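This is what each chain is made of:
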Amino acid sequence: MSALLDLFTIVAVSAGVLFFLAGVVGLLRFPDALTRLHALTKADNVGLGLIVAGLLPQAGSVLAALKLILVWLTVLLAGATVGQLIARVARRAGPRI
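Residues numbered from 1 in each chain as written. Predicted model: local features only at pLDDT ≥ 70, side-chain atom pairs only at ≥ 80, totals over all residues. Heavy atoms only, no water.

**Some thoughts on the environment of Thr74**
Here's step 1: Tracing the sequence through the fold places Thr74 in helix α3 (residues 62-93).
Here's step 2: Residue classification places Thr74 among the partly exposed positions, given a relative accessible area of 46%.
Here's step 3: Of the polar contacts made by the side chain of Thr74, one reaches the backbone oxygen of Leu70; its length is 2.8 Å. (Helix = DSSP H or I, 4+ residues; strand = E, 2+ residues; numbered from the N terminus. Buried < 20%, exposed > 50% of the residue type's maximum accessible area, 1.4 Å probe, protein only. Polar contact = N/O pair within 3.5 Å; in protein donor to acceptor, adjacent residues only side chain to side chain.)

See below:
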């Protein structure tokens, strides 16, 4: 059973890292601020969720697992707030050529 949990951890964390890399590629390649922001926030949220899901079986206690989930929820809330603020500023600034 431990080997199966270790395999799940490796797969989930690897998938999370791939989502982070996809977000970085979107950040570097997309043409304007709003599409860059969309790619980065979506990929980072899913990537962090997969990493947390992969680390949950490795948590030593329920308290450690709750801390991981709390960190993930805090990052989700902060990412949504910051994304909204950046999008508002980018929209007010207008298109830049």
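Okay, back to it.
**Notes on helix α2 (residues 33-55)**
Here's step 1: Between its terminal C-alpha atoms α2 stretches 32 Å, which fits the 33 Å expected from 23 residues at 1.5 Å a residue.
Here's step 2: Its buried side turned inward, α2 meets α1 (2-29) and α3. (Expected span 1.5 Å × (residues − 1). Contact = heavy atoms within 4.5 Å.)

**With respect to a nonpolar patch on the surface**
Here's step 1: There is a patch of nonpolar side chains on the surface, built from Met1, Leu4, Leu5, Leu7 and Val11 and spanning about 530 Å² of accessible area.
Here's step 2: Classification of Leu4 by relative accessible area gives exposed; the value is 55%. (Patch = residues over 30% accessible without salt bridge, like charges linked within 9 Å, V, L, I, M, F, W, Y side chains within 5 Å. Areas by Shrake-Rupley, 256 points an atom, 1.4 Å probe, with all protein chains shown as cover. Salt bridge = Lys/Arg side-chain N within 4 Å of Asp/Glu carboxyl O.)

**Some remarks on α3**
Here's step 1: Over its 32 residues, α3 extends 46 Å from the first C-alpha to the last, a length consistent with the 46 Å expected when each residue adds 1.5 Å.
Here's step 2: At the exit of α3 stands Gly94, carrying a positive phi of roughly 80°.

**Quick look at the confidence of the model for the chain**
Here's step 1: The pLDDT averaged across the chain works out to 90; a share of 98% of its residues lies at or above 70.
Here's step 2: Within the chain, α1 carries the highest mean pLDDT (92), whereas α2 carries the lowest (89). (pLDDT = per-residue confidence, 0-100.)

**A short note on the packing of α2 against α3**
Here's step 1: Here α2 crosses α3 at 180°, and the two axes come no closer than 10 Å. Our classification of the angle between α2 and α3 gives roughly antiparallel. Across from Ala33, Leu34, Leu37, Thr41, Asn45, Leu48, Gly49, Val52 and Leu55 in α2, the residues of α3 making contact are Leu68, Ile69, Trp72, Val75, Leu76, Gly79, Gly83, Ile86, Ala87 and Ala90. (Axes fitted to C-alpha atoms, helices over the stretch in contact; angles between N-to-C directions. Parallel < 35°, antiparallel > 145°, perpendicular 65-115°, else oblique.)

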